[in-house]
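What the coordinates show
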Amino acid sequence: MNTTSTAVSTDPFVRGENKENEQFVTAALGVFDKTNAMNLFPLEFLMAKFFPWYKTKKYQALQDDWDTVREIGLKKIYDFMDRYDRDALDEMEKVSYLAGAIERQRESNDVTRDEVAELCLIALFVGVDTTSSVTAWNLLHLALNPECQEKLHAELVKSLNEKGSNGGTRLNADVLGKKVSPYLHLCFRESHRATPAFGAAMWKGNSHREVEIHGETLPQGSMVQMGHISYDEDFIDEPKQFRPERWEAEGVASRKGSKAEVLDHPFLRDPFSQGARRCPGSRVATNEIHAMISQLILDWKISIADETVNSLDDISHDAGPIKPILPSLRFEPRPKKDDITQ
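This write-up is about the structure you can find in this document. (Residues numbered from 1 in each chain as written. Predicted model: local features only at pLDDT ≥ 70, side-chain atom pairs only at ≥ 80, totals over all residues. Heavy atoms only, no water.)

Re the pattern of salt bridges
Throughout the structure, instances matching the rule amount to 18 salt bridges. Residue Asp313 pairs with Lys240 through a salt bridge whose shortest N-O separation is 3.4 Å. In this pair, Asp313 sits in the loop between strand 5 (300-304) and strand 6 (317-318) while Lys240 sits in the loop between strand 4 (222-226) and helix 13 (249-255), placing the two residues 73 residues apart along the sequence. When sorted by exposure, Asp313 lands in the same class as Lys240, which is exposed. (Salt bridge = Lys/Arg side-chain N within 4 Å of Asp/Glu carboxyl O. Helix = DSSP H or I, 4+ residues; strand = E, 2+ residues; numbered from the N terminus. Buried < 20%, exposed > 50% of the residue type's maximum accessible area, 1.4 Å probe, protein only.)

Here it is, written out as structure tokens:
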């Protein structure tokens, strides 16, 4: 239970043990928030263009957060590299993205050790904001839909007992896999359908000439936004219902040859895009989300403490990426394996 206790605990000892992790996440979120604020503030544009040597208070605050991200992030990465050299990594760390990156660097020498550290720092940093928002939405959906939460908990308990490390007590890559824990992946997919990380699937500028598409005229110089079809009843039944089962093989097969088949297109599968321009940190982010959600659901029964919140319509949110303004959540400890067998 210590794995997730920092997220919900006010215990000074627990928070002290995780102080550095919280500082990193807080600073990373600060970089995103301050960057968005500066992009919307005309004075920052003017200062950057005409007085690039002058650092505004907003810029200094942004730089302070970034310095914290670099200091803590690089410290953790170099520590990981040292443990890699001493063969002191645990089972999960040995199959991690960073371990693979170190192995590839040692085999090819195309980049230096420091360059690998810098590249992995960026992957670690950019995963914080998207990861936190997607994790928050997943938790919210499961709190609003206790029957889905209990179904996921039952699956994770079974998967952990059969495939978990340390005698079925610790998560590993096998437990989080799609074959062993399919409902976990269905919940992740349905959460993305219901509450995608970004408000539009794609933006495209029309820079060449005026274009007419399906009777609509797009002037030259205009910007086109392709929205999501997540709530279009022409494509999806009961769009306001959180139903992970709609992504099971039977559901996918039933949409074949119909207008709704587009829902299963790879571009709508997750928030990371596809192909050569797919987010390079997508595997890291996805594994982080799966691990965090799984451990939280294994450790806690999560519900909405605010009785005025009954559905997704009662939730407000921020933008860029879209993340919920979480209502108060209630975390009740679930019985541990030893407690159940006694």
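From this point, the discussion proceeds with the structure in view.
Here we look at a negative patch on the surface
On the surface, a cluster of negative charge is made up of Asp232, Glu233, Asp234 and Asp237. Relative to the elements of secondary structure, Asp237 occurs in the loop between strand 4 and helix 13. (Patch = residues over 30% accessible without salt bridge, like charges linked within 9 Å, V, L, I, M, F, W, Y side chains within 5 Å. Areas by Shrake-Rupley, 256 points an atom, 1.4 Å probe, with all protein chains shown as cover. Lys, Arg positive; Asp, Glu negative; His and termini not counted. Charge placed at Lys NZ, Arg CZ, Asp CG, Glu CD.)

Side note on helix 12 (residues 182-194)
With 13 residues, helix 12 should reach 18 Å at 1.5 Å per residue; the first-to-last C-alpha distance of 19 Å fits that figure. Counting buried residues in helix 12 gives 12 out of 13 residues, a clear majority hidden from the surface. When we look at burial in helix 12, the residues that qualify are Tyr183, Leu184, His185, Leu186, Cys187, Phe188, Arg189, Glu190, Ser191, His192, Arg193 and Ala194. (Expected span 1.5 Å × (residues − 1).)

Overview of the packing of helix 12 against helix 14 (residues 282-299)
At a minimum axis separation of 11 Å, helix 12 and helix 14 run at an interaxial angle of 110°. In terms of orientation, helix 12 and helix 14 fall into the roughly perpendicular class. As helix 12 runs across helix 14, the sense of the crossing is right-handed. Residue-level inspection shows Leu184, His185 and Phe188 of helix 12 in contact with helix 14, the latter providing Ile289, His290, Ile293 and Ser294. Grouping the amino acids of the contact of helix 12 with helix 14 by side-chain chemistry returns four nonpolar, three polar and no charged. (Axes fitted to C-alpha atoms, helices over the stretch in contact; angles between N-to-C directions. Parallel < 35°, antiparallel > 145°, perpendicular 65-115°, else oblique. Left-handed = near helix turned anticlockwise from the far one by under 90°. Contact = heavy atoms within 4.5 Å. Nonpolar A, V, L, I, M, F, W, Y, C, P; charged D, E, K, R; others polar.)

Description of the packing of aromatic side chains
How two aromatic rings sit relative to each other is set out by the distance from centre to centre and by the angle between their planes. Here the structure, examined in full by the defined rule, presents four aromatic pairs. Look at Phe51 and Trp53: their rings are 5.6 Å apart centre to centre, the planes differ by 80°, and that puts the pair in the edge-to-face class. A relative accessible area of 39% places Phe51 in the partly exposed class. You can call Trp53 exposed: its relative accessible area is 61%. Residues Trp300 and Phe331 carry aromatic rings whose centres are separated by 6.1 Å and whose planes lie at 90° to one another, so their mutual orientation is edge-to-face. Of this pair, Trp300 sits in strand 5 while Phe331 is found in strand 8 (residues 329-333), placing the two residues 31 residues apart along the sequence. Following the ring pairs from residue to residue traces out a cluster consisting of Phe32, Trp66 and Phe125. Sitting above the plane of the Tyr59 ring, Lys55 keeps its charged end 4.8 Å from the centroid. Note that Arg189 overlies the ring of Trp247, its terminal NZ or CZ placed 3.8 Å from the centroid. (Phe/Tyr/Trp six-rings, centres within 6.5 Å; stacked < 30°, edge-to-face > 60°. Lys NZ or Arg CZ within 6 Å of the ring centre and 35° of its normal.)

Quick notes on the side chain of Ser181
Within the secondary structure layout, Ser181 lies in the loop between helix 11 (173-176) and helix 12. By relative accessible area, Ser181 is classed as buried at 0%. In this view, Ser181 contacts Glu155, Leu156, Ser159 and Val175; residues no more than four positions away in its chain are not counted.

With respect to the nonpolar core
Of all hydrophobic cores here, the largest spans 37 residues; its most connected members are Leu142, Leu152, Ile293, Ile297, Ile302 and Ile304. Elements supplying a minimum of two residues to this core: helix 8 (113-144), helix 9 (146-163), helix 11, helix 12, helix 14 and strand 5. Among the elements that take part in this core, helix 8 stands out by supplying seven residues, more than any other. Aside from chain neighbours lying at most four places away, what touches Leu152 is Leu142, Tyr183, Leu184, Ile293 and Ile297. Of all hydrophobic cores here, the second largest spans 23 residues; its members include Met38, Ile77, Ala99 and Val128. (Core = buried A, V, L, I, M, F, W, Y, C linked by side-chain atoms within 4.5 Å.)

Brief notes about the environment of Ile297
With respect to the element layout, Ile297 can be found in helix 14. With relative accessibility at 0%, the residue Ile297 sits in the buried group. Residues Ile297 and His153 lie 144 residues apart in sequence; the distance between their C-alpha atoms is 6.0 Å. Apart from residues no more than four positions distant in its own chain, Ile297 is found in contact with Leu142, Gln149, Leu152, His153, Leu156, Ile302 and Arg334.

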